[in-house]
Amino acid sequence: MNIYNRAPRTLLQAPVTIPAKIATVFLLLSFLGAGCSLDFEEFNAGKTPQADSDTSTDSSSEADGDKEQDSSETDTENDVDLPTDLPLGGACVEDSQCGEGGLCMDSYCTHACDPSADSCEPGSSCKKLGELSVCVLDCDTNLSCAGMASRSDLGCVDLVEFNPAGRTLTSERACLPDADQDRVFDAHDNCPDVTNADQRDSDGDGIGDACDPDIYCHPDATDGYLEYPIIDFEYANFSVPEFIEGTWLPILGGRFEDDVNPEVFVLDRTTASWKPYALPYAATGYAIAPLRDGNFLITPGETLPDVAQTGPMFVLKANGQTESSFTFPANSFLPTLATTSLGIPLFHTYSATPALSWTLRSYNAQSNTFLSLRNWTDAARRAWYSSRDLQGNAYFYSGIDFISVSPQGTSPTVSTLTFPALPDSSSLDPFILSAPGEQFYAWDRRSGQAVRFSPAAAKVTEASDKGFTLPVAMPELNIDLRNLRDINIVAMPDATGLLVVARHTAASKLVVREYNFACRATDEWTDSDEDGIPDIIDNCPFDANPDQSDLDGDRIGDACDPDIDGDGIPNVDEIFTTPADPEDESGEPEIIDFSRDSDNDGVPNDEDDDIDGDGIPNAQDRFPLDSDNDGIPNHLTADADGDGFSDATERTNGTNPYNPLSFPGSGTVIYINQGDDKRIIQTSPLADFQQAAETIDTPDDITPHWPQMTGDYLATLYLTDAPGQTTKIAVVTPPTTIIDEETQEPVELDAVTTIYDTEHTLRSFQLMNQDAENLSLLVTYKNSQVPNLWQVAPLTFDEENLTQFGIPLSTSVPYIADGFLVGAQFYFLGGQGDCPSCLNFYTTSMLATTPASTLLPAPVLVSPRLQPAINAMYLIGPATAGTQDVVYKITLTGSNAQKVALPVGVTKVNSIKPITGTNHVLLSGAGKDGIHGLWFFNSIRNQWHRVSHPTDDILEISWIP
């Protein structure tokens, strides 16, 4: 569809009759109502999932949007026998196939669960899916769903839940139907057969941009104009959102004589249908703004005229359900509400005393506090409005003032509005819409006349420098507001459009009209730069760019974008000139341009299948310009990869600010990889794990265990067999280059492996220094002279490949397993007999002269193992025989034991290592599939991430800075 070269026609036209939606659109409507972003909502635990409770007073709407509940009504003509008692995740047609209390959810067998209890079978977890909490299959330790429930169509999908009153989110994964393998659950996917992980839906019609033939135009609109079905509505002064970005529109509140509207009317734009629902109480004067999860945040509303709104804020859902949120600020009148692109709620409210004073606040969900951004006093109470621009800033305005607030909910910028006088010499009562290219347009709320303007002096200067004048009338954008009263206008910034919501002057009827200006743009409309793109939709209105290229998708075209790749670094700072190569006869310096490379990895975005460098291919990345996938684009955060080190710090230290494994002190991992026929010792920088791996050769007759490396990187040590089954320690020195004393030429020396036989059975060792020249260990070994006595003693090496034990550490416990020295205290697992399942947690002083060990409180585990942490110890093992491993972190002061949450699917833990200087952790473990791997715990995001390749079998690990 060519949106630029249509025949011009007036916007003053008759209503359009909306045809029935095609079946494909109905399939896109899940119980979410507002698309895939409604992934997680409340559900009454322990009950069999039912259809959403319908508090509607009108049951005549076309669709109720409850997709999951429709499965039981599937046509089973001829009474075909269906398989029963299907397993979790099994392909089903109706609920009865999934056992007692079962639910067939989008062809997927499941049942209700309690999110606060472990009520799902092993290999599954309780997740929130829309209004339901149900058991779903876990992705295995390889992040795969292959073969699960005998289904090839399951994918390891992302389940993202946004905090309803802030910018934070949680992200989990589960095995669910995912036909296009974009990691979005089919029932929530607005393009289920076309890859579109970001789920962008610019026009809010329920069809994702990736599969929408016209991404800015509602499919039922005629030349950019659409009128929805008219409904009876007698209330005046009702409330609507100032702007929307989803598929539905709520209308609530209002008064008729002494009657206060007790309902919310929801318009589903995908089906052009209305549905009323009961509100918690009758009120009016609500303020409403969209949240990141597709729902709306609303203020409590006033129950009496000009009385402060008190009580909780509410989250309103598409099915009419409400749930309370944080408390509305006290002593607040005439609220105007907005949210930034990061979900930060902002409030403009007048105070009761003095009545003309107002405050602009932001809400911090983490601290449950309000931050005052600006206080002022008006000469008289004015109507204030709000909206959001295409760069994520929220803005508030009256007919005089314009206040823009950054996406983080801070840094307000104040400017004055200037508009040309209307033809009747009256001042313009503005409705303001953000448009591409950082433009702003305004319509008079009484007459519908349009102007283009700039609330920021910089934009006026830019336009003036190029020969353009702002503000300027835009008659081609005028809209018809005749025969309407109680007029409200709702912005649709993503679609460059608006909705007019009003009542007929002659009847108590509610009218909703939709204008999509991107669908009506013609060659007769203003085109300041004469590039063939009308200004209203031109992402660089003063710079010719007919291709409308926009690399970072911020609706500012590359031709005028100061940060083309959206990495937060201005273009001028991403172009480097290197000196000319002396051997190059041309003598030309080399120019390196990173301005089109969002992760600065040397691969331009248009050639890079992972433009933010997070290891997730673009096709599967919900947040393709967000390296830590926390929902905050890189250019809006000081720590793009969420590793706890700012981007500036990382650039100063030479680490990668877009790689969460690359940070100052991220160090090196020494690990054992199970090869085809032997265990292989490898080393790799954590920042480039396995991509920069080096292999340490081991003799064929050796099975290495317990690998460690000295801090100077000049020696690697390991046991030559499993702990308790060897008497030998190997020391490997890497290849080196020396200078021959006679020839003064460099000589390459191969790596050298020296095997030291201690003649005592060894269980573990701990490096006591980090100097390869003078190795000193603390070794746990079995005394060959005294039966069943295990001891701990220093061990040194001499040049003749001999070992020398020092004086054993005094303990009163004859059996010692894992042990580690911290300062002058030795912490270990031990017991009175050779019984691996009877071990307790002890400590003893290295300075003690008589055997004495103190029993420390610790959880009882079967065959426990010990690993050192920072000022703590990790205790590892199954709670009962045959069960999966658990991990406790035991502090060394107070011996407090805290259970550690393991990566999903991990049932056995081999090694766990803290990253010094951070709260990050590395873990080697295995799942029920038996395949080991390496996981990284990001303490900033409080999440585990697999960092090893799924096909590699990572066993034991150690780490050094």
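On a predicted model such as this, the values are computed, not experimentally measured, just so you know. (Residues numbered from 1 in each chain as written. Predicted model: local features only at pLDDT ≥ 70, side-chain atom pairs only at ≥ 80, totals over all residues. Heavy atoms only, no water.)

(A) Main features of the overall build of the protein. Broken down by element type, the protein carries three helices and 59 strands. Considered along the principal axes of its C-alpha atoms, the protein spans approximately 105 × 80 × 65 Å. Across the protein, every contact between residues at least 6 apart in sequence was considered, and the portion connecting residues at least 24 apart equals 46%. When the accessible surface of the protein is totalled, it reaches about 40400 Å², and 50% of it is carbon and sulfur. (Helix = DSSP H or I, 4+ residues; strand = E, 2+ residues; numbered from the N terminus. Contact = heavy atoms within 4.5 Å. Areas by Shrake-Rupley, 256 points an atom, 1.4 Å probe, with all protein chains shown as cover.)

(B) Summary view of the sheet that holds strand E20 (residues 357-364). Taking strand neighbours across the sheet as the criterion, the four strands line up as E18-E19-E20-E21 in an open arrangement whose pairing is antiparallel. Looking at which strands have only one partner, the edges of the open sheet turn out to be strand E18 (333-339) and strand E21 (369-377). Across the sheet, the axes of successive neighbouring strands diverge by a mean angle of 20°, strand direction being ignored. Judged from the five bridges that link them, strand E19 (residues 345-350) and E20 form a sheet pairing that is antiparallel. Counted as the bridge partner of Leu346 is Ser362 from E20. (Pairing = 2+ DSSP bridges. Axes fitted to C-alpha atoms, helices over the stretch in contact; angles between N-to-C directions.)

(C) Structural view of the packing of aromatic side chains. For the structure on display, the rule yields 36 aromatic pairs. Both rings, one in Phe431 and one in Trp443, keep their centres 6.1 Å apart while their planes meet at 50°; by these two values the pair is tilted. A residue pair is termed long-range when its members are at least 10 positions apart, and Phe431 in strand E26 (residues 430-435) and Trp443 in strand E27 (residues 439-444) qualify at 12 residues. Across the pair, exposure class does not vary: Phe431 and Trp443 are buried alike. These aromatic residues form a ring-pair network of at least three members: Tyr385, Tyr395, Tyr397, Phe402, Phe419, Phe440 and Phe453. Against the face of Trp790 rests Arg763, its NZ or CZ located 4.2 Å from the ring centre. (Phe/Tyr/Trp six-rings, centres within 6.5 Å; stacked < 30°, edge-to-face > 60°. Buried < 20%, exposed > 50% of the residue type's maximum accessible area, 1.4 Å probe, protein only. Lys NZ or Arg CZ within 6 Å of the ring centre and 35° of its normal.)

(D) Structural context of the pairing of strand E32 (residues 509-516). The buried count for E32 comes to seven of eight residues, which makes it a mostly enclosed element. Strand direction decides the pairing type here: strand E8 (residues 231-232) and E32, joined by two bridges, are antiparallel. Paired with Asp232 across the two strands is Lys509, which belongs to E32. Where strand E31 (residues 497-504) lies against E32, seven bridges are found, and the strand directions are antiparallel. The residue bridging Arg503 from the neighbouring strand is Leu510, located in E32.

(E) Focus on the pattern of salt bridges. Scanning all chains against the criterion turns up 21 salt bridges. Linking Asp700 and Lys678 is a salt bridge whose minimum nitrogen-to-oxygen distance equals 3.8 Å. On the criterion of sequence distance, the pair formed by Asp700 in the loop between strand E37 (694-696) and strand E38 (705-709) and Lys678 in the loop between strand E35 (668-674) and strand E36 (679-685) is long-range, its members being 22 residues apart. Look at Asp700 and you get exposed, because its relative accessible area is 74%. Owing to a relative accessible area of 23%, Lys678 belongs among the partly exposed residues under this scheme. (Salt bridge = Lys/Arg side-chain N within 4 Å of Asp/Glu carboxyl O.)

(F) Structural detail: the nonpolar core. In this structure, Ile432, Trp443, Leu477, Leu498 and Phe517 are the most contacted members of the largest nonpolar core, which totals 53 residues. Apart from the residues within four sequence positions on either side, Leu498 is in contact with Phe431, Trp443, Ile479, Ile489, Val490, Met492, Arg513, Glu514, Tyr515 and Phe517. Judged by nonpolar contacts, the second largest core, of 44 residues, contains Leu778, Ala817, Phe828 and Val886. (Core = buried A, V, L, I, M, F, W, Y, C linked by side-chain atoms within 4.5 Å.)

(G) Molecular detail of the environment of Pro699. Here Pro699 is to be found in the loop between E37 and E38. With a relative accessible area of 29%, Pro699 lands in the partly exposed category. Along the chain, Pro699 and Thr720 lie 21 residues apart, while their C-alpha atoms are 9.5 Å from each other. Sequence-distant contacts of Pro699, defined by excluding residues within four places in its chain, comprise Lys678, Tyr718 and Thr753.

(H) Representation of the sheet that holds strand E22 (residues 385-388) within the structure. Across the sheet, four strands lie side by side as E22-E23-E24-E25; this open sheet has antiparallel pairing. The sheet is open, and its two borders are formed by E22 and strand E25 (413-416), each paired with just one other strand. Going from strand to strand, the sheet's axes swing by 20° on average, the running direction of each strand aside. Inspection of the sheet shows strand E24 (residues 401-405) paired to E25 by four bridges, in the antiparallel sense. Bridged to Phe402 within E25 is Ser415.

(I) Representation of the state of the cysteines within the structure. With the rule as written, the count across this model stands at nine disulfides. At a sulfur-sulfur separation of 2.0 Å, the disulfide partner of Cys120 is Cys135. Between Cys120 and Cys135, the S-S dihedral sits near -90°, and the bridge is therefore left-handed. Separated by 15 residues along the polypeptide, Cys120 in the loop between strand E2 (109-111) and strand E3 (124-129) and Cys135 in strand E4 (residues 132-137) bring together distant segments of the chain. Taken individually, Cys120 and Cys135 each receive the classification buried, so the pair is uniform in this respect. Across the disulfide from Cys540 sits Cys560; the S-S distance is 2.0 Å. (Disulfide = S-S within 2.5 Å.)

(J) Seen up close, the side chain of Arg292. Examined against the element boundaries, Arg292 turns out to sit in the loop between strand E14 (288-290) and strand E15 (296-298). Buried charged residue Arg292 carries no salt bridge. Nearest counter-charge: Asp626, at 6.7 Å. A distance of 2.6 Å separates the side chain of Arg292 from the backbone oxygen of Gly631, its partner in a polar contact. (Lys, Arg positive; Asp, Glu negative; His and termini not counted. Polar contact = N/O pair within 3.5 Å; in protein donor to acceptor, adjacent residues only side chain to side chain.)

(K) Structural context of a nonpolar patch on the surface. Together, Met768, Met846 and Leu847 line one region of the surface with nonpolar side chains, adding up to about 290 Å² of accessible area. Tracing the backbone through its elements, the reader meets Met846 in the loop between strand E49 (840-845) and strand E50 (854-855). Owing to a relative accessible area of 35%, Met846 belongs among the partly exposed residues under this scheme. (Patch = residues over 30% accessible without salt bridge, like charges linked within 9 Å, V, L, I, M, F, W, Y side chains within 5 Å.)

(L) Structural detail: unusual backbone geometry. One non-glycine residue, Arg183, adopts positive backbone phi at about 70°. Tracing the sequence through the fold places Arg183 in the loop between strand E6 (169-177) and strand E7 (225-227). For Arg183, a relative accessible area of 15% corresponds to the buried category. The phi torsion at Asn368 lies on the positive side, around 55°, for a residue other than glycine.

(M) Local environment of a negative patch on the surface. Where like charges cluster on the molecular surface, the negative patch consists of Glu234, Glu257, Asp258 and Asp259. Examined against the element boundaries, Glu257 turns out to sit in the loop between strand E10 (255-256) and strand E11 (259-260). (Charge placed at Lys NZ, Arg CZ, Asp CG, Glu CD.)

(N) Just the pairing of E35, in detail. With respect to burial, E35 is a largely interior element, six of its seven residues being buried. By the bridge criterion, seven bridges tie E35 to E36 in an arrangement that is antiparallel. Within E36, the position partnered with Asn673 by the bridge is Ile680. If you look at the hairpin formed by E35 and E36, you'll find four residues sitting between the two strands. Note that E35 and strand E59 (residues 954-960) share five bridges and pair antiparallel. Along E59, the bridge assignment pairs Ile670 with Ser958.

(O) Representation of the confidence of the model for the protein in the model. Overall, the predicted model of the protein reaches an average pLDDT of 86, with 91% of residues at or above 70. By mean pLDDT, helix H1 (residues 23-28) is the weakest element of the protein at 30, and E22 is the strongest at 98. Contacts of residues 1-78 to residues separated by more than four positions or lying in other chains number 206 contacts, the stretch itself having pLDDT below 50. (pLDDT = per-residue confidence, 0-100.)

(P) Quick peek at the environment of Gly294. Position of Gly294 among the secondary structure elements: in the loop between E14 and E15. A C-alpha to C-alpha distance of 9.6 Å links Gly294 and Phe162, two positions 132 residues apart in sequence.

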